[in-house]
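So you can see what is in the structure, the chains are spelled out below.
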Amino acid sequence: MLEINAVSRSFGDFVALNNVSLHIQAGEFFTLLGPSGCGKTTLLRLIAGFDQADSGQILLDGKPLCALPPEKRPVHTVFQSYALFPHMTVAENIAFPLRMAKMSKAEIAHRVTEVLNDVRLPDKAKHYPDALSGGQKQRIAIARALVNRPRLLLLDEPLSALDAKLREQMQIELINLQKEVGITFVYVTHDQGEALALSHRIAVMNKGEISQIDEPSVLYSYPDNRFVADFIGQCNILDAKVLSGNEQKVNIAIAGLGEIAATANPEITFKSGDNCALTLRPEKIRLAASLEAEPDEALFSGKVHDMLYLGDVTVYIIELANGVLIEAMLANDAPGRTRLFDTGDAVQIAWRIDAGHLVP
Amino acid sequence: MRYRLPGASTPATWFHKPVQTLINRAERLRNNLMALPPGLYLLLFFAAPSLMMLFASFRYPGEYGGLAPWYYVEDEQFSLDFTLENWLRLFESSIYLGLLFKSLGYALLTTLICTLMAYPLALMIARSNKRFRDLLLLLVILPFWSNFLVRIYAWMIIFSPQGALTIGLNHVTAALGIEPISLMFSSTAVITCLVYVHLPFMILPLYANLEKHDSRLLDAAQDLGANRFQCFWLITWPQSLPGIYAGAILVFIPSLGIFAIPDLLGGTNGIMIGNVIKQQFVESRDWPFGSVLSLVLTGITLLLVLLAAKLGRTAGTDNGK
Amino acid sequence: MANKRPSKALLSAGILVYLFLYIPLAVVVIFSFNDSKLNAEWVGFTWKWYEKLIHNDSILRAAGNSLIIAIISAAMATVLGTLAGLAIHRGRQKWLPALVLGPIAMPDILIGVSLLLMFILLNVSLGMVSIILAHVSFCIGFVALAVQSRLAGMDQSLIEAARDLGASPWQSFRLISLPLLMPGIIAGAMMAFTLSIDDFVITFFTAGVGSSTLPLEIYSMVKIAVTPEVNAVSTLLMLVTLTLITALSKISPTVLRQ
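It should be emphasised that the depicted structure is a prediction, and the values quoted were computed from it without experimental measurement.

Colleague: Any chance you could explain the interface of chain C and chain A here in plain terms?
Modeller: On the side of chain A, 16 residues touch chain C, which itself brings 15 residues to the contact. If you list the elements that add at least two residues to the side of chain C that touches chain A, you get helix H7 (156-164) and helix H8 (169-198) of chain C. Considering only residue class, the side of chain C that touches chain A consists of 7 nonpolar, 4 polar and 4 charged.

Here is the structure:
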């Protein structure tokens, strides 16, 4: 539905987007995720028409968008600052796109009332934006952008100005809203938790390029590269060298730990001698005073180097032989128990060899 | 388990570039159309007169004032008639340079006194309750909005020989056995009025600076053992320098070019460079020399503005205008 | 400086400076009601200087001239200054800020004499027209500053939002930018009006016979003799500016600080 083909954009020496291509399906909740300066907002502005690409093309329903100014594109944006017009009432704000589309007065009034009911703020029609709370402004901004049914809704970090509690509530509302209206959402955020919670698919961006595009669960469990592994969730990344490998299993050597087995990545073929990294989520590591290695498990001994008590879980930094540090996470699920081990305790850790995931 | 994008097809981009340039061109055109009317107006009524003045400073004065023609035709020979005489006249006697230095001195003194008077007031306003600050600031601005001549006139009344101030002062001098003094038509009167007229220009930028200071820095300094004087001298004062620079420029430049205050309060002793410029253009009608003096003043102003811009950049914060 | 109270010494120094600012003006106002030709000591209350003023034709004519000049120059400066403010904000023309702000930085006398020189050389007769042309040139900058500071405080995404929701460039200017800029434009216009009606120096050089303004009239009165009639005009003038300033601060409290 939206095709972005080989788009590049530079500002002076700074390359904001480098040959970016992606396809977004109709009805999708698609997220552009990345640290600040990764090019996600630049891409959004190119789609909205506030900026022009240096090269490449953007097609909506097969038709090129580049030649159209923002007002001619069936694409609306929800801005980070909401951008509600301060000199217009809530109703006038929502009526704005309908007015621009030269709709009749009666029709406008009808649609505005309808939309205000949809966002559950029917009594705010005559208020000015200044009199609204952050969450209310947010809902009005979305209502305004959706009122004349764009093909595509762009959301530029719309929840970043809200506090944590409200943000969670708005996330649920956004998911339901998107299901209800069925309009394609392109969502920009730097918050990986938000991206995982909301999206059908996520494009992780780094330094103007796309690192990986996948469903949230795939992205989390099977990162394609170190950047994605590191950016999404907590992750142990251990540098390794491939010793030998076949379709199912790869033997790798990790400095300080020696030779262990890992599951091969079906997407990438590793040859012996290749440099790679083992990515290992902390919650997939077993931790106890002493462990018995099960088949297909890697087992190591070490001692607790540091620990962080986080309420629901405790994070232990385990120092293995030769100073290798591994982060493991344990749920504090027994009543009253705050910690299992103390700094300095000798412990053993183990992980199933298919819990680790190899990346180049 | 995982799905991939179909390979991106090669895009047709042949029409993309020209259209984009067209949009940019329309944007540029709009921008230029907006800048054009004010730009042209100011070229005509600000830049052009200044250039004509530069031109005039190299011409001979006309027989009945004004300017002599800048060329003459003799035996069908076309000759330019320019001279450096007007510029040399500046150095011929010490009168004009002396007057220039005296004016610079007056302006400098005015700036210093303004700083001394503005600092406590600006600090007081900055440290007052937030609710009163706007009112206190308005009280500073209000007299500044009353007519310039009215403010000078007020001092003419105060300094007049029949005024209570002069009479009172002369009771004191008589008691001490000194000659009676006259306040009117003196450099004291000129500088007092210069300070009076320009004081708000120092208070406002200084306040704008002081208001932004973080009071926790003073708490921290005190906590670390500084006394009240050290708190001021080591914390508040260095941070307020950008405000003082901005205020100094706003006071110094207009003070330097003033002519109405010396004209009405200065008598013959108190005249400044502005009076001579006015005299050359209005009374003796020696425009070329008047232009020379004006250009010298313009040069000093430009230097000061550039200096202020540089100071403002290095100081990083507000530079007044 | 939230929780640092001013000390007693600071407070008294501040009050002294306020007295320095207000006593001279108070003297002018008080003596305008004094029943004596000399501005020396209080004799008794009178309205007679104000009554004399009403019958002083040259003052009334000058006041009329001032008003006409101020209205026309403020109108012209507002249009040109608004355009300049918008153009400076976009920052495409690097030469524009120097040209617009130059007249604010230059001492008035330089603008006055250079315009006098040009008007005479170009055979423009000195009068109302030359005064208006001169006033506009130094008022443009103040309007531009007021508009520009308003623009700087405006969320850029409002304009993008308007375009995004279907407004053409002209519609987004008319429906969003212009209404949001209005307080800045009005403040700039009133500032231009006040500056023009108050101006003495530039008017002094660009005025001709029969185009005397109120400040010029006051100057020539003061030059000859100090009379309580001048106090009366001054008091009235203060009253007018006070009213204007009150209105101005209601519209845009921040603009006064520039």
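Having seen the structure, we can now continue with the description.
Colleague: Teacher, can you tell me more about the sheet that holds strand S1 (residues 2-11) of chain A here?
Modeller: Across a sheet, paired strands are connected by hydrogen bonds in the backbone, their directions being either parallel or antiparallel. All names here are of chain A. Spatial strand order, S2-S1-S4-S5: 4 strands in an open sheet with antiparallel pairing. Either end of the sheet is taken by a strand with one partner, and the two such strands are strand S2 (14-24) and strand S5 (63-64). Direction of pairing for S1 relative to S2: antiparallel, over a ladder of 7 bridges. Within S2, the position partnered with Ser-10 by the bridge is Val-15.

Colleague: It is not clear to me how helix H2 (residues 90-100) of chain A should be interpreted in this structure. Could you clarify?
Modeller: Three or four residues apart is the spacing at which side chains of an α-helix point the same way, because the helix has 3.6 residues per turn. Residue and element names in this part refer to chain A. Turning to H2, its buried residues number three or more, namely Val-90, Asn-93, Ile-94, Ala-95, Phe-96, Pro-97 and Leu-98. On its buried face, H2 is in contact with helix H3 (105-118) and helix H4 (134-146). Directly beyond the C-terminal end of H2, a positive phi value near 60 degrees is found at Lys-102.

Colleague: Help me understand the confidence of the model for chain B, please; the structure alone is not making it clear to me.
Modeller: Caution applies to low-pLDDT parts of the model: their predicted coordinates are not meant to be read in detail. Residue and element names in this part refer to chain B. A residue-level look at chain B finds 89% of positions with pLDDT of 70 or above and a mean pLDDT of 83. Low pLDDT, under 50, characterises residues 1-18; the stretch is placed with 18 contacts to residues that sit more than four places away or in other chains. Confidence over residues 316-321 falls short of pLDDT 50; this stretch has 19 contacts with residues more than four positions distant or in other chains.

Colleague: What should I look at first to understand the packing of helix H3 (residues 94-126) of chain B against helix H9 (residues 228-257) of chain B in this one?
Modeller: Angle between the axes and distance between the axes are the two parameters that describe a pair of packed helices. Residues and elements named next belong to chain B. Close contact between H3 and H9 brings their axes to 9 Å; oriented N to C, the two are set at 140 degrees. With respect to each other, H3 and H9 are oriented oblique. Here H3 runs over H9; the crossing is right-handed. Of the residues in H9, those in contact with Ser-103, Leu-104, Tyr-106, Ala-107, Thr-110, Thr-111, Cys-114, Thr-115 and Ala-118 of H3 are Ile-244, Gly-247, Ala-248, Val-251, Phe-252, Ser-255 and Leu-256.

Each value, and the rule that gives it
Residues numbered from 1 in each chain as written. Chains lettered and ligands numbered in written order. Predicted model: local features only at pLDDT ≥ 70, side-chain atom pairs only at ≥ 80, totals over all residues. Contact = placed C-beta atoms within 7 Å. Helix = DSSP H or I, 4+ residues; strand = E, 2+ residues; numbered from the N terminus. Nonpolar A, V, L, I, M, F, W, Y, C, P; charged D, E, K, R; others polar. Pairing = 2+ DSSP bridges. Buried ≥ 20, exposed ≤ 12 C-beta atoms within 10 Å, placed from the backbone. pLDDT = per-residue confidence, 0-100. Axes fitted to C-alpha atoms, helices over the stretch in contact; angles between N-to-C directions. Parallel < 35°, antiparallel > 145°, perpendicular 65-115°, else oblique. Left-handed = near helix turned anticlockwise from the far one by under 90°.

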